[in-house]
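Observations on the model geometry
Each chain, letter by letter, is given below.
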Amino acid sequence: MPALQWHSRLPPTGYVLIYILALALGFAVSVMLFWHLYLVSSAESTVENYDFARYREVAKSRGTEFVNSYDLGRMRNLMLFFNLGPSGYPLYTLLLPLRCAPPSDGVSWTRRPGYPKHYGIGEGDEMTDVEDDEASARTLDFLITSLKVPFSMLMSRESAPESDNDSLFGDGEGTASEQPPGMPTPARRRIPPNIKVEGLYFDPDVCLPESVALDLLENIKEKDYFRGGTVNQLMLFERSYELANSNGVEPSSAELAQTSLRGESGAVASSGETASSSTTLPPFLIDLLSVLSDILRPHIPESTHDLLFPNTAGQSGRRKPARQAILNLYRPGEGITPHVDLLKRFGDGIIIVSLGSGTVMQLAPVAAPPSSPSQSQEKESVDLWLEPRSILVLEKEARYEWTHGIPARKGDWVENDMILSDDDDKAIWVERDVRVSITLRWLLPGAEIVGGVNEDSEMS
């Protein structure tokens, strides 16, 4: 058998070396591929991988656990990175040379629900600069920097000044505490199907745009409504007036100021001091009402929308109802006693907007008298997780026959909505941060007079 001849100019040894080099490069690239897929699925960069390892040690030494606020679960992290799924592109686009837009603007990134920042490390623990997105930075600037006061001045439940302005701030049921042992029934992210309450409207997907929420916080900061954090509640009032004069024209601000009306509008802080006087709510709250009207219109009955946002055009001779806005400041560990808003002061239709941190609101039916026949048909209560920028509407039964309150604690167990396997936790512990709520209510006739309705014994 004739010997095979080598016709290539490159000697056999060269081909062997190229083959070995290709294997080495293929192995190295494969390792890099799987390493970066692991990093993507963990929602961290190479530098953060080393930083987070250190953070886990620090958190463990303090008896807690480090949580990466950007980690949404491995599968969801991968889908978000490649912008796949119902809100992105189909899976086959990974194999085609297509130009696909990223899921974000490259500056703002989705965070884990309830975690506006990493959990388990404190200020000064960061090993490298954490570049928060612009929105989070502005929010934290308001929530932390502008409201930060010396510890001795914090509005603790024992040292808060007494008020006759219907403030229910207090320890609520239980005391503020760290993460409790064990895991109780977690708060629900949506109203459970078994909770049938007329007039209760809440959907976590129906929320304020982030730009609107940030503008609200900036306005509150600019006007210093909470006086650097030394008060925790402020009430703003409209005045009731005739919708149109005899000529069918709305009265001017000057005419309103000169008209003898019952009551003065203004802003009342938790100290009971009148901060300002005006015919209507501040412009930023008027704008908020307009935004809320547009957002809620497709999601609530028309009658409810008309109740919350009445169209007064052409209704000359009638008095415009007065609205009240109450701004509340909650720090971690603070809550509000379960209550029904004052029945003789506020009408039907309440809107609650959450800004800053999320929190759990406890909704429960008002206890019926022992002789009441409804006692035999007990209704279940529900703990509802109010996402940041979420909107809660109460009317009819939900407004008059159910209490709402916030337990005083530093965090909440919330159902995990990112369960991908049986091994995933059914609930997550969410630390609270500073929260600001805006509650919008109708004043009954004469109730715009601060202190005009003597109901201090009734819950607000």
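Please read these numbers as outputs of a predicted model, since none were measured by experiment. Once a new chain begins, its residue numbering starts again from 1 and follows that chain's sequence as written. For this predicted model, a pLDDT threshold of at least 70 governs which residues receive local features, and a threshold of 80 or more governs which side-chain atom pairs are given and counted, while totals over whole chains, interfaces and linings are taken from all residues. Calculation of side-chain values draws on the structure's entire complement of heavy atoms; hydrogens and water are dropped beforehand.

**Comments concerning the packing of aromatic side chains**
Using the following cut-off: Aromatic pairing here means that ring centres of Phe, Tyr or Trp (its six-membered ring) are within 6.5 Å. Orientation follows from the plane angle: under 30 degrees is stacked, over 60 is edge-to-face, and everything else is tilted. Secondary structure counts use DSSP, requiring at least four H or I residues in a row for a helix and at least two E residues in a row for a strand, with both numbered from the N terminus. Note on classification: 1.4 Å probe, protein chains only; a residue is buried when its accessible area is under 20% of the maximum for its type, exposed when over 50%, partly exposed between these limits. The criterion is that NZ of a Lys, or CZ of an Arg, lies within 6 Å of the ring centre and within 35 degrees of the ring normal, and then a charge sits over that ring.
Tallied over the full model, the rule gives seven aromatic pairs. An angle of 25° between the planes, with centres 5.7 Å apart, marks the rings of Trp35 and Tyr38 as stacked. Placement of the pair is Trp35 and Tyr38 together in helix α1 (residues 12–42), with a separation of three residues, close to one helical turn. Under the relative-accessibility criterion, Trp35 is labelled partly exposed at 30%. Each ring, one from Tyr225 and one from Phe284, has its centre 6.2 Å from the other, and the planes form 35°; the classification is tilted. Of this pair, Tyr225 sits in the loop between α5 (210–223) and β3 (233–237) while Phe284 sits in helix α7 (residues 283–296), and the two are 59 residues apart along the sequence. Here Tyr225 and Phe284 have matching classes, each one buried. Put simply, the rings of Phe52, Tyr55 and Phe66 touch in pairs and so form one group of aromatic residues. The ring of Trp442 is capped by Arg323, whose NZ or CZ atom sits 3.9 Å from the centre of that ring. Over the ring of Phe346 we find Arg441; its NZ or CZ atom is 3.7 Å from the centre of that ring.

**Brief notes about the packing of α1 against helix α3 (residues 74–81)**
Here is the rule: Every axis in this analysis is a line fitted to C-alpha atoms, fitted for helices over the stretch in contact. Angles between the N-to-C directions lie between 0 and 180 degrees. Here the word oblique covers every angle except those under 35 degrees (roughly parallel), over 145 (roughly antiparallel) and from 65 to 115 (roughly perpendicular). In this analysis, two residues are considered to be in contact whenever any of their non-hydrogen atoms come within 4.5 Å of each other. Three classes are used: nonpolar for Ala, Val, Leu, Ile, Met, Phe, Trp, Tyr, Cys and Pro, charged for Asp, Glu, Lys and Arg, and polar for all others, with Gly counted as polar.
At a minimum axis distance of 7 Å, the contact between α1 and α3 shows a crossing angle of 105°. Classified by the interaxial angle, the pair formed by α1 and α3 is roughly perpendicular. On α3, the residues touching Leu37, Tyr38, Val40, Ser41 and Ser42 of α1 are Arg74, Asn77, Leu78 and Phe81. Residues belonging to the contact of α1 with α3 are distributed by class as follows: five nonpolar, three polar and one charged.

**Some remarks on the nonpolar core**
Looking at soluble globular proteins, one finds that nonpolar side chains tend to be buried together. Counted only if it meets this: Nonpolar core, defined: a set of buried Ala, Val, Leu, Ile, Met, Phe, Trp, Tyr and Cys residues in which side-chain atoms within 4.5 Å join the residues together.
Counting residues in each nonpolar core, the largest one holds 35 residues, and the members touching the most others are Leu208, Leu292, Leu355 and Ile438. When contributions to this core are tallied by element, the ones reaching two or more residues are α5, β3, α7, β8 (323–330), β10 (346–356), β13 (390–394) and β17 (435–443). No other element matches α7, which puts seven residues into this core. In contact with Ile438, other than residues within four places in its own chain, are Leu216, Ile220, Leu285, Leu288, Ile326, Leu327, Ile351, Ile352, Val353 and Leu355.

**Some thoughts on unusual backbone geometry**
The phi dihedral of Asp224 is positive, around 50°, even though this residue is not glycine. Take Asp224: it is sitting in the loop between α5 and β3. Located in the positive-phi region is Lys396, a residue other than glycine, with phi close to 50°. Considering the arrangement of structural elements, one finds Lys396 in helix α9 (residues 396–400). Of the residues examined, Lys396 reaches a relative accessible area of 36% and is grouped as partly exposed.

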